[in-house]
Structures are given as C-alpha cells and as structure tokens.
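# Close look at the chain arrangement
Take a look at the letters that make up each chain.
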Amino acid sequence: MLNGKHLIAGEWKAGEATFNSEPAHGEAHAFAVGTPALVDEACKAAEEAFWSYGYSTRAERAAFLRTAADEIEAKGAEITEIGTQETGLPEARLNGERGRTTGQLRLFADHIEKGDYLDRRHDVALPDRQPLPRPDLKMVQRPIGPVAVFGASNFPLAFSTAGGDTAAALAAGCPVVVKGHSAHPGTGELAAQAIDAAVKKHGLHPGTFSLIQGGKRDVGTKLVTHPLIKAVGFTGSLAGGRALFDLCASRPEPIPFFGELGSINPMFLLPVAVKARGSEIAGAWAGSLTMGAGQFCTNPGLAILVNGPEADAFVNAAAAALGGIEKQAMLTDGIADAYRDGARKVQASAGVHELIGTSCQTREAAPYLFQTTGKAWLSNETLGHEVFGPLGIIVRVDSVDEMLAVAAAVEGQLTCTLHMDEGDTELGRRLMPVLERKAGRILANGFPTGVEVCDAMVHGGPYPASTNFGATSVGTLSIRRFLRPVCYQNMPNALLPGDLA
C-alpha cells in the first residue's frame, strides 16, 4: 500500500529525513521529506516529458485521463480508509469526493476530444486586397509547459494530487509536478500511484507526473521559482498564496500564479424573502455553514439583512439551528487553532455581539455565531476576513442603501448570494451590477457549498478570492489557464500542429 516515498519521474524515492502524518484517528505513517534537489530533478524530468506529452494528440491524452480515473477507482477502498484517518472526514464525503475527482478526469477527457477549447481561428489569405494584401493566419491554443500544483488541505482528492489543477494541466498537455499537502500524505501517495500506473500503461514519458511530499518552505520556493515551471496552481491561505504569488512575479521570467486564496461568500437577504421565509433560510444556512466543519472555500460566512422584526426572527432561527450542531473534527490541529484564533479576533471587535460560542480547545470545532451592525462592519476590516471553519456573522443594516454600501465594500469573492422573492426584484437589480464586480459566481436562493464540475462553472473571482480574476479552477474552462494562443502566418500544413493541420 503506502511506501512513504516521493514519486520522481516514475521512480519512488526516499529521502534523508522523514515526517509523521498526524491522523485524526488510526495509525500514523512516516513519509519522506521533500528537498529542493528533488524539486529540481522533478522539474527537469517534466521539461523532458513536455517534448512528447505536449505534442501528444487529444485522443492520447483523453485515454490517459480515463485510465487515471479507472486506477483511482481501483484503489477506492484504500483511499477512503487512509483519507478518513488522515482528515477525520466521513466515508461518505471521501467517497463522494473520489467520484468528483474521477468524474472530473473523464469530463476533461470528453471535453478535449471535442476540441472546442482550442478556440481555433482562421483568416484566409487575401492576396488581392488593397491597399495591402492579407497573409493566411491561423490561431490555436497550445500548452505552456510544466506546471506546479500545490495540494489543498481541505480537499484531499478533488483539489490535491489528482484534483482539478492537475487534471486541467494534464488535459492541456502540460506535465505536472505536485507538492503534496502534509495533512493527507497517504491519500496523496495513493492518488499518485494511480496516475503513475496510468502513465506506465500508456507508455508516456515518466516525467509527465511527479509528487513531492512534505518539505519546508524552501521546497515550495524552489518549485515556484524553478525556471522550467511555467505556471502554478494553488489552493490555500491568503498569506501563503500571496507569498508564492509574489515569488512568481519576482522571477526573472514572471509566470502566472493561479491561486484561490479565500472568500467569505456573503449572502444578501432581501426584505420580502426574509419576511416570507426567513426562518427557513436560516435553517438551511446553518446546514451550509457547518458542512464539513465549515472547511469549504465557498462557506457562506456572512449574512446581510435589513434590521427589524423579521431580522430578529432570522437571528433566532439561525441561533437555534446552529445550537443543535454537534462538534466536528477539523482537518488538522493547525487549522483548528487558526479557527479559534479567527473567532477571538471577531469576538474582540467593537460592535460585535456573540450569539453562540464554544470553549472547545481540541481538533474538533463547534459553530460560532455573531451579529453586528452595518456601520460596525463597514468600519472594521477584520470582519471581512475569512475565518476557515463554521463561523457566521450576521450584519443588520439600517436600510437598503446601507446594504448596498456593504456590498460595495466587500472584497473580491468566489461567490455572492441573493435570497429573494419576486417582490425583491428591483432591489436585486440594484445589487447585481455591484455583485458582478465582486464575485465569480452569483447565486439566487441557494447556498454556494456545492461547486458543480461542468462547462459553465466559474470558481474564482477578484482578489483576494483568487489571483487571476479571468480564470476558474473548476470546470472545463480551467484548462485554458495552462494554454496560450499561438498564431501561424503562411505556415505550410506540414509544419502546423496536429490540431490545425
């Protein structure tokens, strides 16, 4: 099963040092610690692989992605067992996430076979055009080269070793070097074993995929600054992501950093809807807020509504629903500590009233619920920062105009939500132009903790939600992050890429 080693260009390699996993339950395992030297080896192998994998056919890559999905499914029971131990997530969640991971690989395979993502364009030559002739011009999207991917703490499968960034880069034709997350190294290794098996079955260059486990900050720094890496995919904290983003920008050859960094995902509860079904919305919000111990990047941590008796009813219903939620294990001790620290900062803020608190000091988390005024929220930047966990803040504004002011003050988000009925349409129209500038996905009468993997999905947004507002890390459009347009002028067909010839 587990060997505790790195996968470098098709070989499982140990290191001089090891670290132990810190499972929520079950046995701890030892894993080799990554080093800058291993990063260099993996990146050089990825560059070598690009000369074949980057010029493979779409059909060849699609077959590889489907085989990777099959290999992951073949290890399903092992992955679930180690995944639940390492993260504390329930079996149903791990099984569902594995299905999302394999479904994503197969979706991307279908998508690249169709070829629409290539955005092929052709302007035929006009030799007789006056005053100047036009040459024959053809354009197509081409893969950019080796890509670095950082595994996420909160999704051990769907956003990690074989997750969305890896799948998108491989679909585009880019070899991948993954830095595994130390919160779930065993899960990462099993996923890497599956991809490695697929690489070997299809006779691909072994540098097409590598996994480096653990390591200190120098490993991440070496990876994003390595001259052979041409883009980085990252899901994690604002502080960590911003540090890597700055490194990418400061390289002699700057490269794109596609980081998803944080979001409070505000909900705007409009008056008619609150009056008609405020308690119902409150109960559903409690379920979304605490799903997975609140460890979703789309966790809706902020609810804004107009003050009044209906707001009182909403607050009471939300408090009652959250009060009945049992404690849940968080992914790591560090995440649990950061959650409590974030809650303390909210508690200490002027104008904030605690409705539900917890004295829990373990890896398990219970919900926090706070309420404040629109004026207090607008005057305190801390209240707009993400707290990773089941913490909710209710903002009671004095008027519709103050609700619009809160919307305008919100930083970039992954999602914004409108809870509205037909009678709220006019207010919704006033909010929409503001929210379109704030978020990559806008919902009506739903909850954002569920990101569909499909063609139309956008999982990204203005900074600090992500570092590239024109990109998405979920859905088939995510493949475009690892492509660049190339134009061919008067080029003989024999020299054109296969997708254009």
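Just so we're clear, the structure is a prediction, and the values are computed from it rather than from any experiment.

### Re the sheet that holds strand β6 (residues 137-143)
One open sheet holds the three strands; their spatial order is β5-β6-β21, and the pairing between them is antiparallel. Each of the sheet's edge strands pairs with one partner strand only, and the pair in question is β5 (121-123) and β21 (483-489). Averaged over all adjacent pairs, the angle separating strand axes in this sheet is 25°, with direction ignored. Where β6 meets β21, seven bridges bridge the pair, whose relative direction is antiparallel. Across the sheet, K138 pairs through a bridge with Y488, a residue of β21.

### Quick look at the pattern of salt bridges
In total, this model carries 22 salt bridges according to the counting rule given. For R106, the salt bridge identified is with D70, shortest N-O distance 2.7 Å. Of this pair, R106 sits in helix α4 (residues 91-114) while D70 sits in helix α2 (residues 58-74), placing them 36 residues apart in sequence. Assessed through its relative accessible area of 42%, D70 is described here as partly exposed. With a shortest N-O distance of 2.8 Å, D337 and R340 are connected by a salt bridge. Linking D337 with R340, this pair stays in helix α11 (residues 333-347), spanning three residues, or about one helical turn.

### Looking at the pairing of strand β13 (residues 302-306)
By the criterion of burial, β13 is predominantly enclosed, with four of the five residues buried. With three bridges joining them, strand β12 (residues 267-269) and β13 adopt parallel strand pairing. In the sheet register, M267 faces β13, and the bridge partner there is A303. Handedness of the crossover joining β12 and β13 through helix α9 (residues 271-290) is recorded here as right-handed.

### Brief notes about the sheet that holds β12
With mixed pairing, seven strands are arranged side by side in an open sheet as β15-β17-β18-β13-β12-β19-β20. Strand pairing shows two members of the sheet lacking a second neighbour, β15 (353-356) and β20 (439-444), which therefore form its edges. The average angle at which neighbouring strand axes cross in this sheet is 20°, direction not considered. The pairing of β15 with strand β17 (residues 368-373) spans three bridges and is antiparallel. Across the sheet, residue I356 finds its bridge partner in β17, namely L369.

### Observations concerning the environment of T101
By secondary structure assignment, the location of T101 is in helix α4. Here the alpha-carbon distance between T101 and G164, two residues 63 residues apart in the chain, equals 7.6 Å.

Cut-offs used in this document
- In this convention, every chain numbers its residues from 1, walking through the sequence in written order.
- In keeping with the predicted nature of the model, local features appear solely for residues at pLDDT of at least 70, side-chain atom pairs appear and are counted solely at 80 or more, and the whole-chain, interface and lining totals rest on all residues.
- Side-chain metrics in this entry use all non-hydrogen atoms of the structure; hydrogen atoms and water are not considered.
- Any two strands are treated as partners once DSSP identifies two or more bridges connecting them.
- We count a stretch as a helix when DSSP gives it H or I for four or more residues in a row; a strand needs E for two or more, and each element gets its number in order from the N terminus.
- Angles run from 0 to 180 degrees between N-to-C directions of axes, and those axes are lines fitted to C-alpha atoms, restricted for helices to the stretch in contact.
- Note on definitions: salt bridges are taken to be side-chain nitrogens of Lys or Arg within 4 Å of carboxyl oxygens of Asp or Glu.
- Buried, partly exposed and exposed residues are distinguished by accessible area as a fraction of the type maximum, computed with a 1.4 Å probe on protein chains only: under 20%, between the cut-offs, and over 50%, respectively.
- By definition, the crossover connecting two strands over a helix is right-handed if that path, from the first strand to the second, turns clockwise as seen with the strands pointing away from the viewer.

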